[in-house]
Amino acid sequence: MNPSLHSVRSLSNALALFAAGVPALRAADPALVDDFSIATQTARGAGRLLITDKDAGSHSKATQRCDNGVLVVEGELAPGRGAPAFISIPLLLPADAKPQDVSAYTGVRLRVKLGQGILSVQVASADVTNFDYHSAPVVGKRGEYVEARLPFKDLKRGWSEQVPLNAKAVTSVNLVAFGMAPGAFAFEVDEIGFY
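Remember, predicted model here, so these are calculated numbers, not experimental data.

Participant: Help me get a handle on the sheet that holds strand β7 (residues 118-125), residues and values and all.
Facilitator: Spatially, the five strands line up as an open sheet ordered β2-β5-β10-β7-β8, and their pairing is antiparallel. The open sheet has two edge strands, β2 (51-52) and β8 (134-137), and neither has a second partner. Sheet analysis places β2 next to strand β5 (residues 85-92), joined by two bridges and oriented antiparallel. Within β5, the residue paired with T52 across the bridge is I87.

Here it is in structure tokens:
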């Protein structure tokens with residue numbers, strides 16, 4: 001196809017979607033995972049998800065919303081008998097969750113405001129099959145936005161054999177609130193990506 005004809009068709013399709021009220025995805029920086037500018041989907045086109053611990057025997061609840069380009073998450077952790085409590089917000093790299101090569105980057109960066117509870121960043125890879133993904137807690141002064149940088153080499157698995165993260169097979173970056181005791185949690189994320 002003629003490149004200029006292709007550009008005209010792409011522009012025409014984008015204008016038709018805009019007229020129909022469908023948010024168009026912008027050509028995202030490959031290092032960007034999400035900027036939370038679209039309420040229903042990530043910057044990479046995946047739908048917004050929220051996973052709770054219900055199937056693990058706990059009863060945690062959470063809400064998430066995108067408010068002027070900021071992800072706002074609030075909830076209550078309610079562990080079941082002998083089970084940890086958690087909620088997870090997976091940010092799929094491609095909408096189909098196929099493994100992506102992010103080995104050109106050093107780690108995950110996010111601009112975050114911690115409210116209550118413990119927040120962890122998990123990097124899920126196709127190599128891990130038991131959900132014990134590589135993760136690290138996010139630290140910073142509560143109530144203020146901070147830029148957190150979590151190097152891939154510092155991410156660890158919780159209960160499984162410690163093997164390095166395979167950055168050539170990453171499927172998602174997950175925001176996880178967790179705990180062994182009941183309690184509230186809250187955090188806001190302005191942007192998340194790789195560095």
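Participant: So what about the layout of surface pockets? Which residues, and what values?
Facilitator: When its volume is computed, the largest pocket comes out at roughly 730 Å³. Lining the largest pocket we find 26 residues, and of these F86, Q122, F131, Y133 and V176 sit closest to its centre. Among the elements of the structure, β5, β7, β8 and β10 (170-179) are those that each provide at least two residues to the lining of the largest pocket. Ranked by residue count, the leading element in the lining of the largest pocket is β10, at five residues. Among the residues making up the lining of the largest pocket, the classes are represented as 15 nonpolar, 10 polar and one charged.

Participant: Please provide a residue-by-residue account of the packing of aromatic side chains, values included.
Facilitator: Per the stated rule, a full pass over the model turns up three aromatic pairs. Ring centres 6.2 Å apart and planes at 90 degrees place the aromatic pair F131 and Y133 in the edge-to-face group. Take F131: its relative accessible area is 61%, and that puts it in the exposed class. Looking at Y133, the relative accessible area reads 15%, which means it is buried. Three or more aromatic residues joined by ring pairs form one cluster here, namely Y105, F152 and F194. Taking NZ or CZ as reference, R149 lies 4.6 Å from the ring centre of Y195, over its face.

Participant: Account for the environment of D34, with residues named and values stated.
Facilitator: Its place among the elements puts D34 in strand β1 (residues 32-34). In this structure, the C-alpha to C-alpha distance between D34 and G45, residues 11 residues apart in sequence, is 9.5 Å. The contacts of D34, once residues within four sequence positions are left out, are T42, A43, R48, L91, E191 and I192. Among the polar contacts made by the side chain of D34, one reaches the side chain of R48 at a distance of 2.7 Å.

The rules behind these values
- Residues numbered from 1 in each chain as written.
- Predicted model: local features only at pLDDT ≥ 70, side-chain atom pairs only at ≥ 80, totals over all residues.
- Heavy atoms only, no water.
- Pairing = 2+ DSSP bridges.
- Helix = DSSP H or I, 4+ residues; strand = E, 2+ residues; numbered from the N terminus.
- 1 Å grid on protein atoms, 1.4 Å probe; cavity = no way out; pocket = protein on both sides within 12 Å on 5 of 7 lines; lining within 4 Å.
- Points joined across faces, edges and corners; volume = space filled by probe spheres on them.
- Nonpolar A, V, L, I, M, F, W, Y, C, P; charged D, E, K, R; others polar.
- Phe/Tyr/Trp six-rings, centres within 6.5 Å; stacked < 30°, edge-to-face > 60°.
- Buried < 20%, exposed > 50% of the residue type's maximum accessible area, 1.4 Å probe, protein only.
- Lys NZ or Arg CZ within 6 Å of the ring centre and 35° of its normal.
- Contact = heavy atoms within 4.5 Å.
- Polar contact = N/O pair within 3.5 Å; in protein donor to acceptor, adjacent residues only side chain to side chain.

Spatial relationships are all this shows, so hold off on functional conclusions.
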